[in-house]
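Structure assessment
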Amino acid sequence: MARGTNISWPNREKASSKLLRLLVVVALLVSAALIAITAARGWDLMQDGKQLLIVFVVLDLIFVLQVLRWSRGVLPMAAGLATFVAIFAGVSIQSWYDRDAPGFDDPGLSSQLGFMTILILAAQVVVIVLAVLAFRQNWQVEVERHDDEPAGGRRGRRDAVTA
């Protein structure tokens, strides 16, 4: 970058962008926490999905770090992963409640895990909506200003660069 050149990101400075970024981070953290709690509580009852749950939690945490760095490109991936998790959650809700009967291992725990799965589904919907809204805010737009320009110079010109 040349001397006397300043780059700013006007869309990142808006209060609405900062608020939505915070909401995306919180939604991703809640999603990761709910998945982790469900995995820990139902570890002995789950058969094949244990490793996949760990991957979902790790990816959510990586997405949190990227959103904190104002990475707009990770938002569609977060929405895509949330869609994937929501499908798994939606399909598995009924199976947890089917296990809430005599003869199954710890039927009380199965109903708790069914409720947790409903919460996971709701959290994924929130992540999808917030990620799409945040993506539309164009966090990547840069404005280049030079120190030798007059205060009103090049005001209308913006160079968009994808992050």
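To keep things clear, this report deals only with the structure shown in the data block.

The rules we used
Residues numbered from 1 in each chain as written. Predicted model: local features only at pLDDT ≥ 70, side-chain atom pairs only at ≥ 80, totals over all residues. Heavy atoms only, no water. Helix = DSSP H or I, 4+ residues; strand = E, 2+ residues; numbered from the N terminus. Axes fitted to C-alpha atoms, helices over the stretch in contact; angles between N-to-C directions. Parallel < 35°, antiparallel > 145°, perpendicular 65-115°, else oblique. Left-handed = near helix turned anticlockwise from the far one by under 90°. Contact = heavy atoms within 4.5 Å. Nonpolar A, V, L, I, M, F, W, Y, C, P; charged D, E, K, R; others polar.

In most cases, non-glycine residues show a negative phi, while peptide bonds are predominantly trans. One non-glycine residue with positive phi stands out, namely Trp 70, at about 65°. Mapped onto the elements, Trp 70 comes out in the loop between α3 (50-68) and α4 (74-98).

A word on the packing of helix α2 (residues 15-41) against α3. The geometry of α2 relative to α3 is characterised by a closest axis approach of 9 Å and an angle of 165° between their N-to-C directions. Considering their axes alone, α2 and α3 lie roughly antiparallel with respect to each other. With respect to the hand of their crossing, α2 and α3 are arranged in left-handed fashion. Here α2 contributes Arg 21, Val 24, Val 25, Leu 28, Leu 29, Ser 31, Ala 32, Ile 35, Ala 36 and Ala 39 to the contact with α3, which in turn contributes Leu 53, Phe 56, Val 57, Asp 60, Leu 61, Phe 63, Val 64, Val 67 and Leu 68. Considering only residue class, the contact of α2 with α3 consists of 16 nonpolar, one polar and two charged.

Don't take any of this as a statement about function, it's just geometry.
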